[in-house]
There are 2 protein chains.
Amino acid sequence: MHLAAWCKDNFMTMKPRDRTDDSLIALRRILRATELYARDLAHAVGLTPAQLRVLQIVDERGSVTPKALASQMGVSQATVTALVDKLVAQRLVERVQSESDRRQTNVVATPQGHGRLEDAPDALQQRYVRAFAKLADWEQAQLVSSLERVADMMDAQKLDAAPVLTTGDIKGGRKGSHDLQEN
Amino acid sequence: MHLAAWCKDNFMTMKPRDRTDDSLIALRRILRATELYARDLAHAVGLTPAQLRVLQIVDERGSVTPKALASQMGVSQATVTALVDKLVAQRLVERVQSESDRRQTNVVATPQGHGRLEDAPDALQQRYVRAFAKLADWEQAQLVSSLERVADMMDAQKLDAAPVLTTGDIKGGRKGSHDLQEN
DNA sequence: CATGTCTTCTTTGGTAAGCTAAGTATTAGG
DNA sequence: CCTAATACTTAGCTTACCAAAGAAGACATG
């Protein structure tokens, strides 16, 4: 491409395509970093990533039903049962029957479960938080607003996208296993 | 919390702690949306998320060794072997021996593999892209810069974080399985 | 009270992803 | 030629996940 053309594209018309790519690349880097960290972190705590997520949610909310866990995590109840089993085996959480509705089970963290999280609070966050704290006030504000905007764009998508994507039925016979998570 | 106190915290002192939390929440929402989409998308293409990632990388780079795939994806070579096997079984990629070094295998996409990607280009991106394109010019610029900043904060972290996290050795005898990915 | 229907959770049986450890070739260096 | 390193695969195991089928409480309605 000629230099003149390049200048025109970048300074005059400024195609948004380029920016879109940039944003996607940055997003992928974030995703990737988070994913890799989640593995290391969970390993450091002596749990698997999925188990850790359960423990975090349970600890944060005090008491959760498997149903709620499943919908918050976007997995099936059967999966939650399996994960909770593992945590129960390690005495990190307990199941207690609900008294109002005895079909329900409440999952609660034991003192040990709580302690486990204290020992190694989310390392990725710890480190990210440190960098974030160093930023100037206006930068933090801008970052938050940008991130929320991106999150909104994706969440909003989900609503009208789900039905569309679910037409993936055509090659595999699945029926929207994510329908649950509209709280 | 009393209303007065709330006002004080939010309008007067404006603790950065709140902002950090907000940014983390937004980040989690992004992560979550992406994860759920990856599943739906892969399913729509008739592949699993991991298989799709392999196919995408192979298609994008034309020809990749399992070693490179493993390091780019952050998984072990054995895992790559298994994933490539699946794709080979579906005739979406092929293995070809390298001529310069016959220990190496190059993975390349078949026309069908390439076609499969054309059929369903990244749906999450498609949708996100559409929303992104609707934004005003300055908003796009700000978003990109914010995302890149976050990505930088996380990537930079990785370098000095890895050794720290690897002390998770204390409970399980692992030796940095991610050491590979510094290209 | 009985009966049928929901809901909530667990069980079962199966697939995929991921790891480590132990091969098999192939190249590179004495 | 022999040894060491590299690149990949195989084998065996664990975890995550799902769908389908069960079990048991909740609830409405006859």
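Above this note sits the structure.
These remarks concern the structure in this document. (Residues numbered from 1 in each chain as written. Chains lettered and ligands numbered in written order. Predicted model: local features only at pLDDT ≥ 70, side-chain atom pairs only at ≥ 80, totals over all residues. Heavy atoms only, no water.)

So, the pattern of salt bridges
Here comes step 1: Overall, the coordinates contain 12 salt bridges over all chains when judged by the stated rule.
Here comes step 2: Between R29 of chain A and D152 of chain B there is a salt bridge; the shortest N-O distance is 2.7 Å. A residue pair is termed interchain when its members come from two chains, as with R29 of chain A in helix α2 (residues 16-45) and D152 of chain B in helix α8 (residues 137-165).
Here comes step 3: Its relative accessible area of 42% is what places D152 of chain B among the partly exposed residues. (Salt bridge = Lys/Arg side-chain N within 4 Å of Asp/Glu carboxyl O. Helix = DSSP H or I, 4+ residues; strand = E, 2+ residues; numbered from the N terminus. Buried < 20%, exposed > 50% of the residue type's maximum accessible area, 1.4 Å probe, protein only.)

Structural notes on the environment of T34 of chain A
Here comes step 1: Locating T34 of chain A in the fold gives a position in helix α2.
Here comes step 2: Sequence separation of T34 of chain A and V108 of chain A is 74 residues, and the distance between their C-alpha atoms is 27 Å.

Quick notes on the protein's contact with DNA strand D
Here comes step 1: Within the structure, DNA strand D sits among 27 residues, and T48, S76, T79 and R103 of chain A together with R95 of chain B are positioned closest to it.
Here comes step 2: Backbone atoms, meaning sugar and phosphate, make up 75% of the atoms of DNA strand D lying within 4 Å of the protein.
Here comes step 3: Within the backbone of S76 of chain A, an N or O atom sits 2.5 Å from a phosphate oxygen of DNA strand D.
Here comes step 4: Note that a base nitrogen of DNA strand D is positioned 2.7 Å from one of the side-chain N or O atoms of R103 of chain A.
Here comes step 5: Those elements that place two or more of their residues in the surface near DNA strand D are α3 (49-61) and α5 (77-89) of chain A together with α4 (66-73) and α5 (77-89) of chain B. (Near = heavy atom within 4 Å. Polar contact = N/O pair within 3.5 Å; in protein donor to acceptor, adjacent residues only side chain to side chain.)

Notes on α5 of chain B
Residue and element names in this part refer to chain B.
Here comes step 1: If you check α5, its first and last C-alpha atoms are 18 Å apart, about what 13 residues at 1.5 Å a residue would give, namely 18 Å.
Here comes step 2: V80, L83, V84 and L87 are the residues of α5 that are buried. One face of α5 carries all of its buried residues, which in axial projection span an arc of 100°. Exposed and facing more than 90 degrees away from the buried side of α5 are A78 and A89.
Here comes step 3: Summarising the contacts, the buried residues of α5 are in contact with α3 (49-61), α4, β1 (93-97) and β2 (105-109). (Expected span 1.5 Å × (residues − 1). Arc of directions from axis to C-beta. Contact = heavy atoms within 4.5 Å.)

Considering the protein's contact with DNA strand C
Here comes step 1: Residues in close proximity to DNA strand C total 24 residues, the closest being K67 and R95 of chain A together with T48, S76 and T79 of chain B.
Here comes step 2: Between DNA strand C and T48 of chain B there is a distance of 2.2 Å, counted from a phosphate oxygen to a side-chain nitrogen or oxygen.
Here comes step 3: At a separation of 2.6 Å, a phosphate oxygen of DNA strand C approaches a polar side-chain atom of T79 of chain B.
Here comes step 4: For the surface near DNA strand C, the element with the most residues is α5 of chain B, which contributes four residues.
Here comes step 5: Tallied by class, residues from the surface near DNA strand C come to six nonpolar, nine polar and nine charged. (Nonpolar A, V, L, I, M, F, W, Y, C, P; charged D, E, K, R; others polar.)

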